[in-house]
Amino acid sequence: MIKKIGVLTSGGDAPGMNAAIAAVVKAAISKGIEPYVVKEGYKGLVNKWIEKVNINFASDIISRGGTVIGSARFVEFKEESVRQVAVNNLKEMGIEALVVIGGDGSYQGAEKLTRMGINCVGLPGTIDNDIVSSDYTIGFDTALNTVVRSIDQIRDTMQSHNRCAVVEIMGNGCGDLTLYGATATGAEVFSTHESKLSEEEICAKVKELAEKNKRSVIVAVSEKMYDAHKLAEKIEKASGYVTRATILGHVQRGGSPTAMDRYLATTAGMFAVDQLVAGKGGLYVGMSDNKLVARDIDSTLNMPKKDKSNEYNELRKINAAC
Ligand code: ADP
Ligand code: F6P
């Protein structure tokens, strides 16, 4: 049986990463395995920023946002010679297995490390919910709650002043934070990379709502699609609503993880350690139909995106009706 397990966080941080780290550390200790944390993702692996931790390390981090061991984007890790330094460091320290918490970029590193002799298992840590092989990612629920709380607050003031608000939401190329956020707040108009409305279509929809005397309008849009402030100006011109834009930004990445994120992080962390103890590697843990599954990283990277067009259409239908 393996004697030492390492854990690292990589890519953009996400609430719940600490809960996953705590679960890995505690699961390892409960099985008589020494737990090690790697600071600053793959960068720390190459620089040997690796520390043994004990049960005290895991006792109070479950509720904390961010990642207490740091995360990094480290493009050099794509080079085999750089990864070889990481493998040598781990082997020198006798660490045979690694849990990698991150997104699909991080899994590619994990898969390559496994092929170089260090068994790795990935956990889905990102607010974007863009890991196709998992229904939900660690951090998504917390970020979604932040989005919903923010839009609710923006709605209060838009309603008081008979205004329209454009709200820009994170997600990289994935529209889930916007779609779920729009669903949970009743945002009248929403647009994502998967279901894009042109600026003209958005203006026309808001104008229609103005003609129906709608008191306030929320336009929820995914990041990296429009200039939110310019879009607000166009909407104001087309509809007559005084229109303001809010870019939610990094507020969405922070905060204490919700109970659901802690639950997913903890159960997935325990499951990942089980896989490594069973001698497996090159796997990624996801939640599929309410069950934890471990799949080959290779196959998960090539899975097609789920088609949510029906969800978009149904929500747009009821929003257009009032
Ligand atoms: P995420 O894991 O959230 O998708 P990134 O795409 O930024 O975030 O990837 C995180 C890190 O994973 C990168 O900075 C790099 O260290 C490593 N990585 C990404 N792609 C590869 C790859 N093809 N091969 C090896 N390592 C990679
Ligand atoms: O992947 C998480 C995420 O927050 C995306 O939603 C966003 O596009 C990106 O990271 C922002 O990255 P950075 O913090 O480097 O600006």
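Being a predicted model, the structure only gives us computed values, none of them experimental.

1. Overview of the UniProt feature "active site" (unreviewed entry) in the protein chain
- Residues annotated in UniProt with the feature "active site" (unreviewed entry) correspond here to Asp128.
- Checked against the element boundaries, Asp128 lands in the loop between strand S5 (119–124) and helix H5 (140–161).
- Exposure remark for Asp128: the relative accessible area of 13% places this residue in the buried category.
- Excluding its chain neighbours within four sequence positions, the residues that come into contact with Asp128 are Gly171, Asn172, Cys174 and Asp176.

2. What about the sheet that holds strand S3 (residues 50–52)?
- Sheet architecture is open: 7 strands sit in the order S3-S2-S1-S4-S5-S10-S11, paired in mixed fashion. The outermost strands of the open sheet, each flanked by one partner alone, are S3 and strand S11 (291–296). Across the sheet, the mean angle from the axis of one strand to that of its neighbour is 25°, orientation sign disregarded.
- Sheet topology places strand S4 (residues 97–102) next to S5; 6 bridges connect them, and they run parallel.

3. Remarks on the site of ligand 1
- Around ligand 1, 15 residues are found, and the nearest of them are Phe74, Gly103, Gly105, Ser106 and Gln108.
- A distance of 2.9 Å is found between an oxygen atom of ligand 1 and a backbone nitrogen or oxygen belonging to Gly103.
- In the model, an oxygen atom of ligand 1 is placed 3.0 Å from a nitrogen or oxygen of the Gly105 main chain.
- With the chains in place, 84% of the 550 Å² that ligand 1 exposes on its own is no longer accessible.
- If one sorts the elements of the shell around ligand 1 by residue count, helix H4 (residues 104–115) sits on top with 6 residues.
- Across the shell around ligand 1, the residue classes break down as 3 nonpolar, 8 polar and 4 charged.

4. Examining the packing of aromatic side chains
- Under the counting rule described, the total for this entry stands at 6 aromatic pairs.
- Judged by centre distance (5.2 Å) and plane angle (85°), the ring pair of Phe140 and Tyr180 falls under edge-to-face. Linking Phe140 in helix H5 with Tyr180 in helix H6 (residues 176–185), this pair joins segments that are 40 residues apart in sequence.
- Judged by its relative accessible area of 2%, Phe140 is buried.
- One aromatic cluster is present, formed by Tyr136, Phe140 and Tyr180 through successive ring pairs.
- Positioned above the aromatic ring of Phe190, the side-chain terminus of Arg316 is 4.7 Å from the ring centre.

5. Focus on the site of ligand 2
- Taken together, Arg73, Ile127, Asp128, Met170, Gly171, Asn172, Glu223, Lys224, His250 and Arg253 make up the full set of residues near ligand 2.
- At a separation of 2.8 Å, an oxygen atom of ligand 2 approaches a polar side-chain atom of His250.
- Summarising the interface, the protein chains cover 74% of the accessible area of ligand 2, which totals 400 Å² for the free molecule.
- Across the shell around ligand 2, the residue classes break down as 2 nonpolar, 3 polar and 5 charged.
- Shared between two domains, the shell around ligand 2 holds at least three residues of each, these being domain 1 (4–139 + 257–300) and domain 2 (141–253).

6. Quick word on the packing of helix H1 (residues 17–30) against helix H9 (residues 259–277)
- The contact between H1 and H9 brings their axes to 8 Å, and the two run at 35°. Between H1 and H9 lies a crossing whose hand is right-handed. From H1, Ala19, Ala20, Ala23, Val24, Ala27 and Ala28 reach across to H9, where they touch Arg262, Ala265, Thr266, Gly269, Met270 and Val273.

7. Quick look at the environment of Ile154
- Mapped onto the elements of the fold, Ile154 is located in helix H5.
- Sequence-wise, Ile154 and Arg244 are 90 residues apart; in three dimensions their C-alpha atoms are separated by 9.8 Å.

8. Describing the pattern of salt bridges
- According to the stated counting rule, one finds 15 salt bridges in the structure shown.
- Close ionic contact of Arg253 with Asp13 constitutes a salt bridge, the shortest N to O distance being 2.6 Å. Taken together, the residues span a long stretch of sequence, with Arg253 in the loop between strand S9 (243–247) and H9 and Asp13 in the loop between strand S1 (4–9) and H1 at a distance of 240 residues.
- Classification of Asp13 by relative accessible area gives partly exposed; the value is 21%.
- Notably, a salt bridge pairs Arg155 with Glu188, separated by 3.0 Å at the nearest N-O pair. Of this pair, Arg155 sits in helix H5 while Glu188 sits in the loop between H6 and strand S7 (189–191), and the two are 33 residues apart along the sequence. The residues Arg155 and Glu188 share a single accessibility class, namely buried.

Rules used throughout
- Per-chain numbering applies: the sequence of each chain, read as written, is numbered from 1 onward.
- For this description, chains carry letters from A and ligands carry numbers from 1, given in the order in which they are written.
- For this predicted model, a pLDDT threshold of at least 70 governs which residues receive local features, and a threshold of 80 or more governs which side-chain atom pairs are given and counted, while totals over whole chains, interfaces and linings are taken from all residues.
- As a convention, hydrogens and water are excluded, and side-chain values are obtained from all of the structure's heavy atoms.
- UniProt positions are given in the numbering used here, feature names are shortened, and annotations may be inferred rather than shown by experiment.
- Every helix listed is a DSSP run of H or I at least four residues long, and every strand listed is a run of E at least two residues long, numbered separately from the N terminus.
- Exposure categories follow from relative accessible area, calculated using a 1.4 Å probe and restricted to protein chains: below 20% of the type maximum is buried, above 50% is exposed, and the middle band is partly exposed.
- We call two residues in contact when some of their heavy atoms are within 4.5 Å.
- By definition, two strands form a pair when at least two bridges between them are found by DSSP.
- Here, axes are lines fitted to C-alpha atoms. For helices the fit covers the stretch in contact, and angles between N-to-C directions go from 0 to 180 degrees.
- It suffices for a single heavy atom of a residue to lie within 4 Å of a molecule or strand for the residue to be listed as near it.
- By the criterion applied in these results, polar contacts are pairs of N or O atoms within 3.5 Å in which, for protein atoms, one can donate a hydrogen and the other can accept it, and in which residues neighboring in sequence qualify only through two side-chain atoms.
- Using a 1.4 Å probe, accessible areas were evaluated by the Shrake-Rupley method; residue-level cover was limited to the displayed protein chains.
- Polar here means any residue outside two lists: the nonpolar Ala, Val, Leu, Ile, Met, Phe, Trp, Tyr, Cys and Pro, and the charged Asp, Glu, Lys and Arg; Gly therefore counts as polar.
- For this analysis, a ring pair means two rings from Phe, Tyr or Trp (six-membered ring only for Trp) whose centres lie within 6.5 Å, classed as stacked if their planes differ by under 30 degrees, edge-to-face if by over 60, and tilted for the remaining angles.
- Remark: a charge is flagged as sitting over a ring if the NZ atom of Lys or the CZ atom of Arg is within 6 Å of the ring centre and within 35 degrees of the ring normal.
- For the domain bounds, the source is a domain assignment made automatically or taken from a database.
- In this scheme the handedness of a crossing depends on how the near helix is turned from the far one: anticlockwise by less than a right angle means left-handed, clockwise means right-handed.
- Here, a salt bridge means any Lys or Arg side-chain nitrogen found within 4 Å of an Asp or Glu carboxyl oxygen.

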